[in-house]
Structures are given as C-alpha cells and as structure tokens.
Amino acid sequence: MASFEQQLELELEDLRTAALLRRLRPLASEHGPWVDYQDRRLIMLSSNNYLGLAAEPALKRAATRAIERWGVGAAASRLVAGSLELCRELEQRLARLKGTQAALVFGSGYLANIGVIPALAGSADVILSDEYNHASLIDGCRLARATVRVYRHRDLDHLKVLLQDSQNARRRLIITDSVFSMDGDVAPLAEIVELAQRFYAATMIDEAHAVGVLGQGGAGLAAALGVQDQIDVQMGTLSKALGSYGAYVAGSARLIELLINRARGFIYTTGLAPAMAAAAAAALDLIERQPERIRQLWDNAAFLKERLNDAGFTVMRTDTPILPVLIGSAQAALDLEQALLAHGVFVIAIRPPTVPPGTARLRVTPIATHSREDLEQAAAAFAQCARELGLNRR
Ligand SMILES: *Cc1c(COP(=O)(O)O)cnc(C)c1O
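Scoring rules and cut-offs
- Residues numbered from 1 in each chain as written.
- Predicted model: local features only at pLDDT ≥ 70, side-chain atom pairs only at ≥ 80, totals over all residues.
- Heavy atoms only, no water.
- Helix = DSSP H or I, 4+ residues; strand = E, 2+ residues; numbered from the N terminus.
- Expected span 1.5 Å × (residues − 1).
- Buried < 20%, exposed > 50% of the residue type's maximum accessible area, 1.4 Å probe, protein only.
- Contact = heavy atoms within 4.5 Å.
- Near = heavy atom within 4 Å.
- Domains from an automatic or database assignment.
- Buried area = accessible area lost by both parts, 1.4 Å probe.
- Salt bridge = Lys/Arg side-chain N within 4 Å of Asp/Glu carboxyl O.
- Pairing = 2+ DSSP bridges.
- Axes fitted to C-alpha atoms, helices over the stretch in contact; angles between N-to-C directions.
- Parallel < 35°, antiparallel > 145°, perpendicular 65-115°, else oblique.
- Left-handed = near helix turned anticlockwise from the far one by under 90°.
- Nonpolar A, V, L, I, M, F, W, Y, C, P; charged D, E, K, R; others polar.
- Phe/Tyr/Trp six-rings, centres within 6.5 Å; stacked < 30°, edge-to-face > 60°.
- Lys NZ or Arg CZ within 6 Å of the ring centre and 35° of its normal.
- Polar contact = N/O pair within 3.5 Å; in protein donor to acceptor, adjacent residues only side chain to side chain.

### What to know about helix H14 (residues 372-389)
Here H14 is 18 residues long and its end C-alpha atoms lie 26 Å apart, about the 26 Å a rise of 1.5 Å per residue gives. Turning to H14, its buried residues number three or more, namely Asp374, Leu375, Ala378, Ala379, Ala381, Phe382, Ala383, Cys385 and Ala386. In this fold, the buried residues of H14 make contact with strand S1 (34-37), strand S2 (40-44), helix H12 (292-310), helix H13 (330-342), strand S12 (345-346) and strand S14 (360-364). Among the residues trailing H14, Gly390 stands out with phi positive, at a value near 65 degrees.

Here it is as structure tokens:
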C-alpha cells in the first residue's frame with residue numbers, strides 16, 4: 001500500500017501531466033503597473049488592483065495612521081471584543097455607498113460568502129446559483145443545507161424554469177456574481193430582480209469585481225443598473241479595486257442583525273485588522289475625489305483590447321475591464337504565459353478547474369495607472385509571443 005507521501009506524489013504527478021499543477025510566484029515589490037519578479041521589472045497584467053490603489057500613498061498613510069491609533073490586530077472576534085469604532089464607521093460608509101440601511105464587514109470575501117449563504121438558506125430552502133459563480137459562493141452553497149439548483153450561465157429562461165420548479169421551498173435565494181471574474185461579463189441583474197419579484201425569491205449578488213469599477217462612485221453593477229434597492233443581499237470585497245483586504249455585506253438593518261447572529265464566517269473569526277479597514281475607507285475617499293481613475297481604467301482596457309485583437313488574439317466578449325484571452329488547452333496557455341514572462345509581461349494562465357476544460361485563458365487586467373507606453377509594450381510582447389509560438393495565424 002502506498003504511503004501518505006507516495007499518495008501525495010501520485011496526485012501531484014497527475015496534475016503535472018495534465019498541465020494543471022500550480023505554483024506560487026513571489027513578487028519582490030509592491031503592486032503597481034510594474035512589479036519586480038525574479039530580478040526583472042515586468043508589466044503587471046494579472047492583478048485585481050484595478051484602480052492601482054494597493055500601494056497608493058494615501059492608502060498607505062491611512063493604514064499606517066490606523067496602526068498607530070488602533071494597533072495591529074483586532075484582538076478578538078467582533079462579537080467578543082474585536083469590534084472597533086473604526087469598523088463601524090467603515091460599515092456606515094459602505095451602507096451609504098450601497099444605498100442600504102446597514103452593512104457588515106467580514107475578514108475576507110471568502111469568509112463572507114461561506115458565512116452568509118448558510119445563514120440565509122437551510123434545509124427547507126432552494127438556492128438558485130449561476131454555473132459560473134465564484135468558488136466562494138459555491139462553497140457557501142455546499143455548506144448551506146439547502147437544495148442547490150445551478151442554472152446555465154446568465155440563462156434567464158433556465159432560471160425561470162428552476163423557479164417554477166421550486167415553488168414548495170420555504171425560501172428561494174438567487175445568487176450570482178455581478179461581474180464574473182474569469183469572463184468579465186455581467187449578470188442580467190434587472191431581469192433577475194424581475195424574476196425574483198415574480199416568484200417571491202430573494203436575491204444575493206457578489207460585487208467583488210464591480211465595486212470601484214462600475215456605477216457612480218464605483219458603487220457597483222446594481223447601482224449602475226438602478227436596482228440597488230431591489231437586491232436583498234449585496235456582498236462585495238475590499239480587496240480588489242479598493243486595494244485593501246476584507247469584505248462586506250450591505251442590506252437591510254434586519255439582514256445585518258441576523259448575520260451578526262447567524263453568519264459563522266463572521267462570528268467565529270477575528271475582527272478585520274484596523275489597517276485594512278482604514279485603507280478601504282481611504283480608497284472610498286479617493287474614488288470620490290478622483291473619479292477619473294475609473295475612467296482611466298476603462299480607457300486602458302479598451303485600448304489594450306483593441307491591440308490584442310489586432311495581434312490576432314481572441315478576447316472573449318466582456319462587459320468590464322477584464323480581458324479574457326481565450327487559448328484553449330492548459331498547456332498552450334502555460335506556454336504563452338512563459339513566453340510573455342520572458343518578454344517582460346506578468347500574466348498568469350487560468351486553467352481548469354477555475355474555468356471549464358478546453359477554455360484555458362490568459363486573464364488580462366490592465367489597471368488605471370498603466371501608461372499608454374506600458375500597454376503598447378505589453379501588446380507588442382503579445383504579438384511577438386504569438387509569432388514565436390505560431391499562435392493566431394490568420
Ligand atoms: C476574490 C473574490 C472573492 C473572495 O474575496 P477575498 O476577499 O479575496 O477572499 C469572492 N467573490 C468573488 C467574485 C471574487 O472574485
């Protein structure tokens with residue numbers, strides 16, 4: 001019989017053979033339009049640092065001041081002694097941004113989703129979940145004891161059939177990403193809200209990639225579509241465009257009170273670190289003062305998308321600054337990733353199980369602080385790699 005270590009080796013070998021082995025790539029610098037990696041300066045096109053705020057001086061200052069004023073750790077879970085006034089202020093601020101009565105901050109988006117969903121859906125309930133929902137939503141659904149019905153990606157007809165099919169449930173909860181992180185497309189929220197009302201279903205959205213990117217003041221997709229007050233649970237993160245770490249849920253005062261009492265990903269974990277809360281608040285300030293950052297992000301994405309198309313790449317249909325460059329096989333995506341690294345561009349191949357088999361891709365994300373020259377240089381590297389690898393002969 002194989003030893004534990006031998007078993008692990010076999011499993012790793014399987015991943016290696018399938019070109020699905022993953023590894024860490026430690027950066028030697030802070031995040032920005034360029035990063036240091038293995039003694040080289042590379043154009044960063046693989047972050048969620050959409051607005052370039054992760055290392056923005058105003059955020060660093062806010063975080064540093066918060067450490068001086070509030071210390072490093074929250075020292076307890078929120079319900080015990082880990083609830084600082086700083087967090088409450090951030091929560092009020094987020095509620096304002098989201099147009100809700102209240103908000104609750106979580107340690108991370110993953111924790112929020114695995115905490116909130118089981119708190120809202122139990123064994124008598126049915127969850128309707130988009131097939132491309134983020135892994136944290138899927139895990140939240142698995143932890144809930146509810147029946148989970150997965151509808152085809154953005155397919156309203158399918159969603160309607162599942163709603164018709166689940167009339168006996170105590171509660172129905174429709175859950176969707178607002179921006180799908182690996183595809184860059186958005187959920188048809190207005191239509192989903194309409195269906196939800198017709199079938200007396202509740203709605204939960206994950207705005208992780210929408211906050212700071214879509215809507216007035218970066219309020220998200222629901223705000224952009226004017227349906228904020230028709231969505232029951234608006235979840236989002238502080239860790240992407242806002243450049244910090246942590247997450248939130250915004251909704252009615254009743255919802256938040258229930259989550260404080262029931263969401264295990266809130267209750268059984270230490271409160272958000274003061275520096276992270278302060279940095280997120282500073283990010284919201286900055287976006288208010290510099291709305292042009294959002295425009296710059298979109299302009300940069302439009303520019304790079306055109307250049308990648310010109311170079312013969314297939315940029316999948318996207319509604320956001322996320323540019324998924326479809327490659328196909330995991331190995332081909334890895335080869336391109338490697339070639340791009342050699343040509344000064346940091347962009348990581350996204351492979352199954354994160355995306356469906358046969359749709360491995362490079363998820364290219366320019367940020368607001370890339371210059372036109374940076375993007376020109378990146379596009380030239382893509383074109384060069386395509387020639388070297390014999391891709392995209394048209
Ligand atoms: C990144 C992400 C999360 C997880 O957020 P973290 O704060 O990084 O844990 C949740 N949902 C979506 C859609 C995400 O992209």
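Moving on from the coordinates now.
### A look at the site of the ligand
As a structural note, the neighbourhood of the ligand is formed by 14 residues, with Gly109, Tyr110, Asp206, His209 and Lys240 the closest of them. Sort the elements by how many residues they give to the shell around the ligand and helix H4 (residues 109-120) lands first, with three residues.

### Some points on the domain arrangement of the protein
In terms of domain boundaries, the protein breaks down into domain 1 (19-48 + 291-389) and domain 2 (57-288). Relative to domain 2, the C-alpha centre of domain 1 lies at a distance of 27 Å. Around 1500 Å² of area is buried between domain 1 and domain 2 when both sides are counted, 58% of it from carbon and sulfur atoms. At the junction of domain 1 with domain 2, the criterion picks out two salt bridges.

### A word on the pairing of S2
Relative to S2, S1 runs antiparallel, the two sharing four bridges. Paired with Asp36 across the strands is Arg41, a residue of S2. If you look at the hairpin formed by S1 and S2, you'll find two residues sitting between the two strands, and Gln38 has a positive phi there, around 45 degrees. Pairing analysis gives two bridges linking S2 to S12, with the strands arranged parallel. Bridge pairing in S12 links Met44 to Phe346.

### What to know about the packing of H13 against H14
Contact geometry for H13 and H14: axes closest at 9 Å, N-to-C directions at 125 degrees. Relative to H14, H13 is oriented oblique. You can see that H13 and H14 cross each other, and the crossing is right-handed. Side by side, H13 and H14 meet where Asp335, Leu336, Ala339 and Leu340 of the first sit next to Ala381, Phe382, Cys385 and Leu389 of the second. Considered class by class, the residues forming the contact of H13 with H14 number seven nonpolar, no polar and one charged.

### Some points on the pattern of salt bridges
Evaluation of the coordinates by the stated rule reveals 17 salt bridges. Here Arg78 ties to Glu91 by a salt bridge, and the two come within 2.9 Å at their closest N and O atoms. With Arg78 in the loop between helix H2 (57-70) and helix H3 (85-98) and Glu91 in helix H3, this pair connects stretches of sequence that are 13 residues apart. Each member of the pair, Arg78 as well as Glu91, carries the same accessibility label: buried. Linking Asp125 and Arg170 is a salt bridge whose minimum nitrogen-to-oxygen distance equals 2.8 Å. Residue Asp125 is found in the loop between H4 and strand S4 (126-130), and its partner Arg170 is found in the loop between helix H6 (156-164) and strand S6 (172-177); the two are separated by 45 residues along the sequence.

### A short note on the packing of aromatic side chains
Per the counting criterion, the structure on display carries three aromatic pairs. Here Phe106 and Phe266 contribute two aromatic rings whose centre-to-centre distance is 5.6 Å and whose plane-to-plane angle is 65 degrees, an arrangement assigned as edge-to-face. Highlighted residues: Phe106 in strand S3 (residues 102-106) and Phe266 in helix H10 (residues 264-267), separated in sequence by 160 residues. For the pair formed by Phe106 and Phe266, the shared burial category is buried. Above the ring of Trp70, the side-chain terminus of Arg69 is found at 4.1 Å from the ring centroid. The lysine or arginine in question, Arg372, covers the ring of Phe303, its NZ or CZ lying 4.2 Å from the ring centre.

### So, the sheet that holds strand S13 (residues 349-350)
Here four strands make up an open sheet; going across it, the order is S10-S11-S14-S13 and the pairing antiparallel. Strands with a single pairing partner mark the edges of an open sheet, and in this sheet they are strand S10 (314-315) and S13. Examined bridge by bridge, S10 and strand S11 (residues 323-328) share two bridges and lie antiparallel to one another. Opposite Val315, over in S11, you have Val325 as the bridge partner. Across the sheet, H12 is in contact with S10, S11 and S14; its angle to S11 comes to roughly 25 degrees.

### A short note on the side chain of Asn113
In this structure, Asn113 sits in helix H4. At a separation of 2.9 Å, a polar atom in the side chain of Asn113 contacts the side chain of Ser136. Each residue touching Asn113, except ones within four places of it in the same chain, is listed here: Pro118, Ser136, Leu137, Gly140, Met204, Asp206 and Met235.

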